[in-house]
Amino acid sequence: MEKILNYINGELVAPESGEYLDNYDPSRGTVYSQIPDSDANDIDMAVSAAKEAFPLWSKTPREERSRLMLKVAELIDENHEMLSRAESKDNGKPLKLARRVDIPRASSNFRFFATAILHESTEAHRMDETAMNYTERTPIGVAGCISPWNLPLYLFTWKIAPALAAGNTVVAKPSEVTPMTAFLLSKLCIEAGLPKGVLNIVHGLGPKVGQAISEHPDIPIISFTGGTATGKRIAATAAPMFKKLSLELGGKNPNIIFADCDFDKALSTSVQSSFANQGQICLCGSRIFIERSIYDKFRDAFAEKVQKLKVGDPLAESSHLGAVVSKPHMEKVLDYIDLAKKEGGVVLTGGQQIVTAGELSKGYYLAPTVIEGLDYNCRTNQEEIFGPLVTLTPFDTEEEVLTMANSTPYGLSATLWTNDLNRTQRMSTSIKAGVVWVNCWLVRDLRTPFGGVKQSGVGREGGWDALQFFTEKKNVCIKL
Ligand code: NDP
């Protein structure tokens, strides 16, 4: 059985302990590879390698850093099909989604930051004849990057690429649930000729490997994407050490549909924004609010479309949804479906596990589920579920829908469907979210800021913000 290895100091190595964990294919419910059960010793070795590599990498001319990173991007593109298949097998997502979104966005992460550093400038402030100030930005040192399982290579590279481009060296941990594409990336980095120690990837469990990154005294900056509870734990460890932190956390995003919208577009995009990647995208709209005058029409059309979605083998072209990522996660979503019923919800479609015959019979498949009749304040509508489950709620006024939309502890993203420009401006100003999509969803421009508010996170990521995050700012004041 294939053994995944750590990538430390330019080499693929076994964990110090010699221990491994099972890695499951969620579409079949079977173990198909093994992953290092690393610990603080492996993190120590990775940090030593990254520290040693830092002086040279941080002084490597931008053009050279850019060239090496573009080479990695090129290799990701050349291996697009192999990586897409690996991502789909590790995560359970439809292969066509990995081909269309995950892998292309991973290479564009490298490409964007590799070229962004070639066009950076800095501010200067002249004080008449007294002095000239300019802002200097320097890389910080060894950056810790920790990422989740839902968009494995895409989110992993979104952290690593700006950290490296800015001149830091990196110790990174992908989710233990989906380690395969990070392992394949380490092979591509070796092929690209990335100098040893510049990027180190250590696999293993969050409470061991992730915790060791959070508490390591020689990692002064951490970029984390994952659940809010884990983010709190990392902040509690890292804040007293005054580490620089970016936390991209959970969401419970509203999708607000006004009667004046383009109905067909709102309908078909809402099906995607509810169930893409089995609803396991932090930006999925899990609470759909519909203006009362079109509520019945939208509800019936939505439920009908969702009923037609095909759940099945992620490798099959015909599958709209694959498997959810793990058995515990499937059970968590099923528990929430029970809770929603207890809270008075009516299941319009879905609501159960899908058990198929043959080799998929042990896979973790759930029917896409639509529920109505719930109070906006109930647990189902307040807690992040992160699966193929959405709720429908009618509203009468802008004020009312704003109260409901802003009622959760989260504030990651929101979607608005309306053709009224003034309303768009009013609503997008008042919605508490880091991203507001109007008449679209998941459109990404890497130059823009990205990140949540409230319990969805702190420290913006995204293009220029990410490069700035990974640098230290200094004002240099020269007396004239
Ligand atoms: P988790 O918080 O469980 O895990 C995220 C990462 O943190 C994993 O690599 C995990 O390792 C690691 N980890 C776990 N415990 C610790 C610890 N004590 N110290 C340091 N690291 C630790 O999130 P999931 O992987 O379950 O991902 C889903 C969550 O991510 C959802 O809440 C989703 O909303 C959020 N997310 C947010 C995004 C955003 O941009 N705001 C984007 C995508 C997802 P291991 O896997 O081994 O447990």
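Only a predicted model underlies this, so the values are computations on that prediction, with no experimental measurement involved.

A.B. asks: What is the right way to look at the site of the ligand in this model?
C.D. replies: Around the ligand sit 33 residues, and of these Ser147, Thr230, Leu249, Cys282 and Glu384 come closest. Measuring from an oxygen atom of the ligand, one finds a backbone N or O atom of Gly227 at 2.8 Å. Between the ligand and Leu249, the relevant distance is 2.7 Å, taken from a nitrogen atom to a main-chain nitrogen or oxygen of the residue. Considering the ligand on its own, with 900 Å² of exposed area, one finds that the protein chains cover 90% of that surface. At the level of secondary structure, the elements contributing two or more residues to the shell around the ligand comprise helix H7 (206-215), strand E11 (221-225) and helix H8 (228-238). A per-element tally of the shell around the ligand places H7 first, with five residues. For the shell around the ligand, a count of residues per class yields 14 nonpolar, 14 polar and five charged. Per-domain counts for the shell around the ligand show at least three residues from each of domain 1 (2-249 + 456-479) and domain 2 (253-448).

A.B. asks: Looking at this structure, how should I read the domain arrangement of the protein?
C.D. replies: A common measure of how large an interface is: the accessible area buried when the components associate. What the domain assignment lists for the protein is domain 1 (2-249 + 456-479) and domain 2 (253-448). Each of domain 1 and domain 2 was reduced to a C-alpha centroid, and the two centroids are 30 Å apart. Residue-level contacts link 33 residues of domain 1 with 33 residues of domain 2. A per-residue breakdown of the area domain 1 buries against domain 2 is headed by Arg28, Trp149 and Ser456, which together make up 22% of the total. Remark: the boundary between domain 1 and domain 2 carries three salt bridges. Between Arg28 and Glu359 there is a salt bridge; the shortest N-O distance is 3.1 Å. Sorting the residues of the side of domain 1 that touches domain 2 by element identifies helix H3 (80-91), helix H4 (95-116), helix H5 (152-165), strand E24 (461-462) and helix H15 (463-469) as the ones contributing at least two each. A class-by-class count of the residues in the side of domain 1 that touches domain 2 yields 13 nonpolar, 13 polar and seven charged.

A.B. asks: In this structure, what is going on with the packing of helix H2 (residues 62-78) against H4? I would like to understand it.
C.D. replies: Helix-helix packing is characterised by the crossing angle of the two axes and by the distance between the axes. Contact geometry for H2 and H4: axes closest at 8 Å, N-to-C directions at 165°. In terms of axis orientation, H2 runs roughly antiparallel to H4. Considering how the two elements wind past one another, H2 and H4 form a crossing that is left-handed. Seen from H2, the contacting residues are Ser66, Met69, Leu70, Val72, Ala73, Glu74, Ile76 and Asp77; seen from H4, they are Ile103, Ala106, Ser107, Phe110, Arg111, Ala114 and Thr115. Partitioned by chemical class, the residues of the contact of H2 with H4 number nine nonpolar, three polar and three charged.

A.B. asks: Any chance you could explain the pairing of strand E19 (residues 413-417) here in plain terms?
C.D. replies: Each regular strand carries side chains that alternate between the two faces of the sheet. With five of five residues buried, E19 lies mostly within the body of the structure. Both faces of E19 are covered, namely the face carrying Ser413, Thr415 and Trp417 and the face carrying Ala414 and Leu416. Here strand E13 (residues 253-257) runs beside E19; their pairing, made up of three bridges, is parallel. In the strand pairing of E19, Ile257 is matched with Trp417. Direction of pairing for E19 relative to strand E20 (residues 435-438): parallel, over a ladder of four bridges. Its bridge partner being in E20, Ala414 is matched across the sheet by Val436. After leaving E19, the chain enters helix H14 (residues 421-430) and then returns to the sheet as E20, a path that is right-handed.

A.B. asks: Just checking my understanding: could you explain H2 for this structure?
C.D. replies: For an α-helix, 3.6 residues make a turn, and residues three or four places apart therefore share a direction. In this model, H2 (17 residues) spans 24 Å end to end at C-alpha, consistent with the 24 Å of a helix rising 1.5 Å per residue. Those residues of H2 lying buried are Arg65, Ser66, Leu68, Met69, Val72, Ala73, Leu75 and Ile76. At its buried positions, H2 is contacted by helix H1 (40-59), H3, H4, H5 and helix H6 (180-192).

A.B. asks: What am I meant to see in the sheet that holds E13 here?
C.D. replies: As a general point, the strands of a sheet are linked pairwise by backbone hydrogen bonds and lie either parallel or antiparallel. Spatially, E15-E16-E17-E14-E13-E19-E20 is the arrangement adopted by the seven strands of the open sheet, whose pairing is mixed. Here the strands that pair on one side only, and so sit at the sheet edges, are strand E15 (346-349) and E20. Taking each pair of neighbouring strands and ignoring which way they run, the sheet shows an average axis angle of 25°.

A.B. asks: In this structure, what is going on with the sheet that holds strand E5 (residues 30-36)? I would like to understand it.
C.D. replies: Sheet architecture is open: three strands sit in the order E1-E5-E4, paired in mixed fashion. On the outer flanks of this sheet lie strand E1 (2-3) and strand E4 (20-25), each paired with one strand and no other. Lying over the sheet, H3 contacts E4 and E5, oriented at roughly 100° with respect to E4.

A.B. asks: Mind showing me how you'd approach the side chain of Lys173 here?
C.D. replies: Inspection of the secondary structure puts Lys173 in strand E9 (residues 169-173). One buried charged residue, Lys173, forms no salt bridge at all, with the nearest opposite charge on Glu176 at 6.0 Å. Apart from the residues within four sequence positions on either side, Lys173 is in contact with Cys145, Ile146, Ser147, Phe156, Val202, Gly204, Leu205, Gly206, Val209, Gly210 and Ile213.

A.B. asks: When you look at the pattern of salt bridges in this model, what are you seeing that I'm missing?
C.D. replies: Summed over all chains, the structure comprises 27 salt bridges. Between Lys474 and Glu136 there is a salt bridge, with the nearest N and O atoms lying 3.7 Å from each other. In this pair, Lys474 is assigned in strand E25 (residues 471-479) and Glu136 in strand E7 (residues 131-139), connecting sequence segments 338 residues apart. The class for Glu136 is partly exposed, based on a relative accessible area of 28%. Here the residues in one salt-bridge network are Glu81, Arg85, Arg99 and Glu317, joined through shared partners.

Conventions we followed
Sequence order as written defines the numbering, with residues in each chain counted from 1. Selection of residues for local features in this predicted model requires a pLDDT of at least 70, selection of side-chain atom pairs for listing and counting requires 80 or more, and totals for whole chains, interfaces and linings are taken over all residues. Calculation of side-chain values draws on the structure's entire complement of heavy atoms; hydrogens and water are dropped beforehand. Any residue with a heavy atom positioned within 4 Å of a molecule or strand is treated as near that molecule or strand. Nitrogen and oxygen atoms within 3.5 Å of one another constitute a polar contact, given that in protein one can donate a hydrogen and the other can accept it, and given that sequence-neighbouring residues count only through two side-chain atoms. Note on areas: these come from Shrake-Rupley sampling with a 1.4 Å probe, and a residue is covered only by the protein chains present in the view. Numbering of helices and strands runs from the N terminus; a helix is a DSSP stretch of H or I covering at least four residues, while a strand is a stretch of E covering at least two. Three residue categories are used. Nonpolar comprises Ala, Val, Leu, Ile, Met, Phe, Trp, Tyr, Cys and Pro, charged comprises Asp, Glu, Lys and Arg, and polar comprises the others, including Gly. Residue ranges assigned to each domain were obtained from an automatic or database domain assignment. The contact criterion used is simple: two residues touch if any of their non-hydrogen atoms lie within 4.5 Å. Buried area adds together the accessible area that both of two parts lose upon being put together, with accessible area traced by a 1.4 Å probe. In what follows, salt bridge is the name for a side-chain nitrogen of Lys or Arg lying within 4 Å of a carboxyl oxygen of Asp or Glu. Throughout, an axis means a line fitted to C-alpha atoms (over the contacting stretch in the case of helices), and angles, computed between N-to-C directions, take values from 0 to 180 degrees. When describing relative orientation, an angle under 35 degrees is termed roughly parallel and one over 145 degrees roughly antiparallel, while 65 to 115 degrees is termed roughly perpendicular and anything else oblique. By definition, any crossing whose near helix is turned counterclockwise from its far helix by less than a right angle is left-handed, and any crossing with a clockwise turn is right-handed. When accessible area is computed with a 1.4 Å probe and restricted to protein chains, residues below 20% of their type maximum are described as buried, those above 50% as exposed, and intermediate ones as partly exposed. We call two strands paired when DSSP finds no fewer than two bridges between them. Handedness rule for crossovers: strands pointing away from the viewer, path from the first strand over the helix to the second running clockwise, crossover right-handed. For a helix, the expected span equals 1.5 Å multiplied by the number of residues minus one. The charge count includes Lys and Arg as positive and Asp and Glu as negative, but it does not include His or the ends of the chains.

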